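Coordinates in review
Listed here are the chains, written in short residue letters.
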Amino acid sequence: MLLPTFEFHEPLSIKDALKLKKSLGEDAKLLAGGTDLLVHLKKKLITTNNLISLSGIKALSLITKEKNAVIIGSCTTMTQLSSTPIIQKNFPALKAGCDNLGTHLIRNRATIGGNACNASPAGDTLPALLIYDALALLETSDKKREIPMADFFTGPGKSCIQPDEILTGFRLPIPGKNSGAHYIQLGKRKSSEINLVNVAAFLKYDPDTKKIIDARIALGSVAATPIRSPKAESTLMGQTPEEACFFAAGEMARREDCHPIDDFRGSARYRQAMVGVLTKRTLTRAYELARSACI
Ligand SMILES: Cc1cc2nc3c(=O)[nH]c(=O)nc-3n(C[C@H](O)[C@H](O)[C@H](O)COP(=O)(O)OP(=O)(O)OC[C@H]3O[C@@H](n4cnc5c(N)ncnc54)[C@H](O)[C@@H]3O)c2cc1C
């Protein structure tokens, strides 16, 4: 299978990339790591006369700290994210998502922006972006906007990005003390497999009252897009963190918040059952991490 022919553009700044995107319009695709796009082009699932590579734009591959947040450039690779201390320390569920994605070779190319724009319901970094309340940073040649990741996905393979927009990065608030988060994925094989179910959970715990003061759960592969699990989250608020309450949240996520389908990888029933199990497990681990941060 050969790649079709196209014009290759390699801008060195966001401004130049936006100018190109504006002038070429729908007849140009943005290329980050290419691990989705080049496969789609080879399989002729999409066609284009122009590829605009983002790899030469250094500003898109930076991870920077603001006062209470971390800005992750959209072209940051999985390998880069996973090996950056500020991500390891503050965003363990995101690191776990990066570590689970594909193989070493894929992780060296695949970017977090590409994972989001590909908008697979099973994307490995997407539940973490949801539980960390990440904002997507979008830019055209004349305006910028910030969209909560909860509003970013509009369907399988679809997002709210407009044709003249580039995703420049994500803003993630730093979770702070007494919080913990975890991510678990389940596939038929251990790696290079599309997830059957993937779950991320975030918990914040008040060491004085011994109650949960913030809970966020995100589910992948069990709806048309990655989703938050609002009913499960609300069962946790104000509760004493213990096995029974994590089990109840898992049951709520399983019964009320997910809408899986049957496919050749697994049945809807199995996926639904696994939502309950994995939600309880991620919450238990998130709480262990939150508690160890209190000690
Ligand atoms: C063998 C293999 C294994 C894989 N395993 C996994 C896995 O386990 N888990 C998983 O989640 N994924 C997996 N993938 C899918 C893929 O690697 C990821 O989705 C990856 O993060 C895509 O990033 P990329 O930089 O390669 O994106 P690209 O392929 O460059 O782009 C993907 C899409 O996003 C658009 N885009 C990219 N960057 C921007 C931007 N800044 N602004 C606007 N649009 C943009 C492109 O135009 C394109 O439509 C796998 C792929 C392969 C080939």
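A few words now on the sheet that holds strand 1 (residues 7–9). What the three strands build is an open sheet, ordered 1-3-2; its pairing is parallel. If you trace the sheet from one side to the other, it starts and ends with strand 1 and strand 2 (28–31), each paired once. On average, each strand axis in the sheet is tilted by 25° relative to the strand beside it, whichever way the strands run. Where strand 2 lies against strand 3 (residues 50–53), four bridges are found, and the strand directions are parallel. Residue pairing across strands places A28 opposite N50, the latter belonging to strand 3.

Looking at the ligand, there are 29 residues lining it, with A32, G33, G114, N115 and C117 nearest. Mapped onto the shell around the ligand, the elements with two or more residues apiece are strand 2, helix 2 (37–42), helix 6 (104–109), helix 7 (112–118) and strand 10 (166–173). With five residues, helix 7 is the single largest residue contributor to the shell around the ligand. Residue composition of the shell around the ligand, by class: 13 nonpolar, 12 polar and four charged.

Turning our eyes to something else, we now look at the sheet that holds strand 7 (residues 144–148). What links the strands of a sheet is backbone hydrogen bonding, and the strands pair in either a parallel or an antiparallel sense. On the basis of which strands lie adjacent, the open sheet formed by five strands has the order 4-5-10-6-7 and antiparallel pairing. Edge positions in the sheet fall to strand 4 (63–65) and strand 7, since each has one partner strand and no second. On average, each strand axis in the sheet is tilted by 25° relative to the strand beside it, whichever way the strands run. The sheet contact formed by strand 6 (residues 135–139) and strand 7 spans five bridges and is antiparallel. Looking at the pairing, L137 lines up with E146 of strand 7. Lying on the sheet, helix 1 (residues 14–24) is in contact with strand 6 and strand 10; it crosses strand 10 at an angle near 130°.

Once the domains are mapped, the protein chain shows domain 1 (7–53), domain 2 (61–173) and domain 3 (179–294). Inter-centroid distance (C-alpha atoms) of domain 2 to domain 3 is 20 Å. With 22 residues of domain 2 at the interface, the matching set in domain 3 holds 25 residues. Within the side of domain 2 that touches domain 3, the residues separate by chemical class into 15 nonpolar, six polar and one charged.

Let us look at helix 1. Those residues of helix 1 that fall on the buried side of the exposure criterion are A17, L18 and K21. An end-on view of helix 1 places all buried positions within 100° of arc, on one side of the element. What points out from helix 1, more than 90 degrees from its buried face, is the exposed set K15 and S23. In this structure, the buried side of helix 1 is in contact with strand 2, strand 3, strand 6 and strand 10. G25 occupies a position one or two residues after helix 1 and carries a positive phi of about 60°.

Moving on, we get to helix 10 (residues 243–257). With 15 residues, helix 10 should cover 21 Å at 1.5 Å per step; its first-to-last C-alpha distance of 20 Å lies within 8% of that length. If you check which residues of helix 10 are buried, you get F246, A249, G250, M252, A253, R254 and D257.

Attention now moves to the environment of T154. Positionally, T154 belongs in strand 8 (residues 153–155). Considering only alpha carbons, one finds T154 and T225, 71 residues apart in sequence, at a separation of 7.1 Å.

This paragraph deals with unusual backbone geometry. Even without glycine at this site, A119 takes up a positive phi of about 55°. Even without a glycine there, the phi angle at D133 is positive, about 55°. Structurally, the position occupied by D133 is in the loop between helix 8 (126–131) and strand 6.

Procedures and definitions
- Residues numbered from 1 in each chain as written.
- Predicted model: local features only at pLDDT ≥ 70, side-chain atom pairs only at ≥ 80, totals over all residues.
- Pairing = 2+ DSSP bridges.
- Helix = DSSP H or I, 4+ residues; strand = E, 2+ residues; numbered from the N terminus.
- Axes fitted to C-alpha atoms, helices over the stretch in contact; angles between N-to-C directions.
- Near = placed C-beta within 6 Å.
- Nonpolar A, V, L, I, M, F, W, Y, C, P; charged D, E, K, R; others polar.
- Contact = placed C-beta atoms within 7 Å.
- Domains from an automatic or database assignment.
- Buried ≥ 20, exposed ≤ 12 C-beta atoms within 10 Å, placed from the backbone.
- Arc of directions from axis to C-beta.
- Expected span 1.5 Å × (residues − 1).

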